[in-house]
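Residue-level listing of the chains:
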Amino acid sequence: MAVPEPFLKSPYALLHGEDSEGRRAALEAWKARHVDPEWADFSLTVCAEGCPWAEVQNALSESAPLGAVRVVVVPQAENLLEKPKDLPPTIKAILERPIEDTRLLLVARAALSAGPGRTLGTKPFSEWVQQGRVLKVGALEEKEAHLYVETQAQSLGLRLDSGVAMRIAARMGGNPGILRRTLEVLDLLAENRRVSGEMVDQATFRLGEQNAYAWSQAWQKGQLAPALAALRTALESDPSGAPLVMLGQARRDVDRLARLADARSKSIKSGNDLAAALGLSPRQAFLLDGYGRVLDRVKPEGVKRLLRLVNQTDLDLKGLALSGGKTPLTSLTISLCRAWVPQP
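Keep in mind that what you see is a predicted model, and the values were worked out from it rather than measured. (Residues numbered from 1 in each chain as written. Predicted model: local features only at pLDDT ≥ 70, side-chain atom pairs only at ≥ 80, totals over all residues. Heavy atoms only, no water.)

Enquirer: Summarise the overall build of the protein chain; cite the residues concerned and give the values.
Expert: Counting secondary structure elements, the protein chain contains 17 helices and 7 strands. The globule rule puts the C-alpha radius of gyration for 344 residues at 20 Å, and the 21 Å found for the protein chain is close to it. With respect to the principal axes defined by its C-alpha atoms, the protein chain has extents near 65 × 50 × 35 Å. Taking all 344 residues of the protein chain together, the buried fraction comes to 48%. In the protein chain, once contacts between residues fewer than 6 apart in sequence are set aside, the share between residues at least 24 apart is 74%. With 44 positive and 40 negative side-chain charges, the protein chain shows a separation of 6 Å between the mean positions of the two kinds. (Helix = DSSP H or I, 4+ residues; strand = E, 2+ residues; numbered from the N terminus. Rg over C-alpha atoms; globule rule 2.2 N^0.38 Å. Buried < 20%, exposed > 50% of the residue type's maximum accessible area, 1.4 Å probe, protein only. Contact = heavy atoms within 4.5 Å. Lys, Arg positive; Asp, Glu negative; His and termini not counted. Charge placed at Lys NZ, Arg CZ, Asp CG, Glu CD.)

Enquirer: Would you mind going over helix α9 (residues 164-172) in detail, with residue names and values included?
Expert: Along α9, the residues classified as buried are Val164, Ala165, Ile168, Ala169, Arg171 and Met172. Gly173, located one to two residues past α9, shows a positive phi value of around 85°.

Enquirer: Just give me the short version of the sheet that holds strand β5 (residues 134-136), but keep the residues and values in it.
Expert: With parallel pairing, 5 strands are arranged side by side in an open sheet as β2-β3-β4-β1-β5. In this open sheet, the two strands that pair with only one neighbour each are β2 (44-46) and β5. Averaged over all pairs of adjacent strands, the angle between their axes in this sheet comes to 15°, without regard to strand direction. Pairing geometry for strand β1 (residues 12-16) and β5, over 3 bridges, is parallel. Bridging across to β5, Leu15 finds its partner in Leu135. (Pairing = 2+ DSSP bridges. Axes fitted to C-alpha atoms, helices over the stretch in contact; angles between N-to-C directions.)

Enquirer: Describe the packing of aromatic side chains, with residues and values.
Expert: Applying the stated criterion across every chain yields a total of 4 aromatic pairs. Between Trp219 and Trp340, the aromatic rings sit 4.9 Å apart at their centres with planes inclined by 70°, giving edge-to-face as the arrangement. On the criterion of sequence distance, the pair formed by Trp219 in helix α12 (residues 212-219) and Trp340 in helix α17 (residues 326-340) is long-range, its members being 121 residues apart. Here Trp219 and Trp340 have matching classes, each one buried. Grouped by ring-pair contacts, the aromatic residues Trp215, Trp219 and Trp340 constitute a single cluster. (Phe/Tyr/Trp six-rings, centres within 6.5 Å; stacked < 30°, edge-to-face > 60°.)

Enquirer: Requested: an account of the packing of α9 against helix α10 (residues 176-189), with residues and values cited.
Expert: Between α9 and α10, the shortest axis-to-axis distance is 10 Å and the interhelical angle comes to 125°. What the angle tells us is that α9 and α10 run oblique. The crossing of α9 and α10 is right-handed. Counting all contacts with α9, which are made through Ile168, Ala169 and Met172, the residues of α10 involved are Ile178, Leu179, Thr182, Leu183 and Leu186. Here the contact of α9 with α10 is composed, by residue class, of 7 nonpolar, 1 polar and no charged. (Parallel < 35°, antiparallel > 145°, perpendicular 65-115°, else oblique. Left-handed = near helix turned anticlockwise from the far one by under 90°. Nonpolar A, V, L, I, M, F, W, Y, C, P; charged D, E, K, R; others polar.)

Enquirer: Give me the pattern of salt bridges: which residues, what numbers.
Expert: Under the definition given, this model contains 13 salt bridges. Glu96 is paired through a salt bridge with Arg97; the nearest N and O atoms lie 3.9 Å apart. On the accessibility criterion, Glu96 (37% relative accessible area) is partly exposed. Two residues, Arg259 and Asp255, come together in a salt bridge whose shortest N-O distance is 2.8 Å. Within this pair, Arg259 and its partner Asp255 are both found in helix α14 (residues 242-265), separated by 4 residues, close to a single helical turn. With respect to burial, Arg259 and Asp255 carry one shared label: buried. (Salt bridge = Lys/Arg side-chain N within 4 Å of Asp/Glu carboxyl O.)

Enquirer: Lay out the nonpolar core with the relevant residues and their values.
Expert: Counting residues in each nonpolar core, the largest one holds 59 residues, and the members touching the most others are Ile168, Leu186, Val195, Trp215, Leu257, Leu336 and Trp340. Per-element accounting of this core gives the leading share, 11 residues, to α14. Core analysis: the next-biggest nonpolar cluster, separate from the first, contains 25 residues, Ala59, Leu95, Leu106 and Ala108 among them. (Core = buried A, V, L, I, M, F, W, Y, C linked by side-chain atoms within 4.5 Å.)

Enquirer: Which residues make up the pairing of strand β3 (residues 70-74), and what values do they have?
Expert: Counting buried positions along β3 yields 5 of 5 residues, so the element is predominantly enclosed. Residues Arg70, Val72 and Val74 point to one face of β3 and Val71 and Val73 to the other, with burial holding for every one of them. Looking at chain direction, β2 and β3 are connected through 3 bridges and run parallel. Paired with Thr45 across the strands is Val72, a residue of β3. In this view, the connection linking β2 to its parallel neighbour β3 by way of helix α4 (residues 53-61) has right-handed handedness. Here β3 pairs with strand β4 (residues 102-108) via 5 bridges, running parallel. In the strand pairing of β4, Val74 is matched with Leu106. (Right-handed = clockwise from strand over helix to strand, strands pointing away.)

Enquirer: Give a description of the pairing of β4 that names residues and reports values.
Expert: Within β4, 6 of the 7 residues are buried, which leaves the element mostly enclosed by the surrounding structure. For β1 and β4, the ladder comprises 5 bridges, and the chain directions are parallel. The residue of β4 that forms the bridge with His16 is Ala108.

Written as structure tokens, this is what we have:
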């Protein structure tokens, strides 16, 4: 991943988005630019996840060894950025006029909004965006995802048959991390460096009649028992590949809900404008009614909870949490069914 230079050189910066692999790469690149390895044990402070602003301010105020700079990383800063209007005056002053010889990186696992009153639409963060100090590593638009697949495939030396890039993007969603891992699997399978549509079918779901789409179709109808049955079949048939397919499908739909909530908060009402905000093509505009009903039921706060659950499931599937793949996917399935269950 190529990290933009304006972000890398920024002493105070913000990193956000759902792509955990992209966040990790950008975080390490930023630290490599600002942390002196020889003095890292004494000059680098990683705050606790969910810490208050007071802890961040105290960390910035600590003295660093002579000739080194104090570097503070906040690994999960969503709680600090949720209500920018409540930013403490002392913190706002520090963000606008950084303490000399200090560095600060705020990291959010979810994509932040630039709408009115939202984090990226409020000073000083709106100014950070203009200065290139904010980096988003989130889901790609549907029209961008297949171009990303083509670029990544070329870097791996893979030759994609016609339509393969679009097929991968349609099935796996727009998360760059999931798309990269899919191509890595295909890289192992493609002995002659050629990737066909059949190979994509084999790699992304080998589930026969009970494939990943049976799972998503079940929870989109609020049918818990069929959804759990499809989940069990998927994990038994393809324990390594199926979870990524399912997570990609769930992220796509939850991300569309989040975009719809954001569009409504901006008073966007036109059907064409709403479809564009969700990344839907004109032929997919009919999906708006379904997403609208779900949003009316769960409200924006419910969408945020679903998005956090999808991100946590992503972490669990990568082995960064104690639970295995079955438990987080089961929890995700139950939550999705509850959100999509039709009203009586």
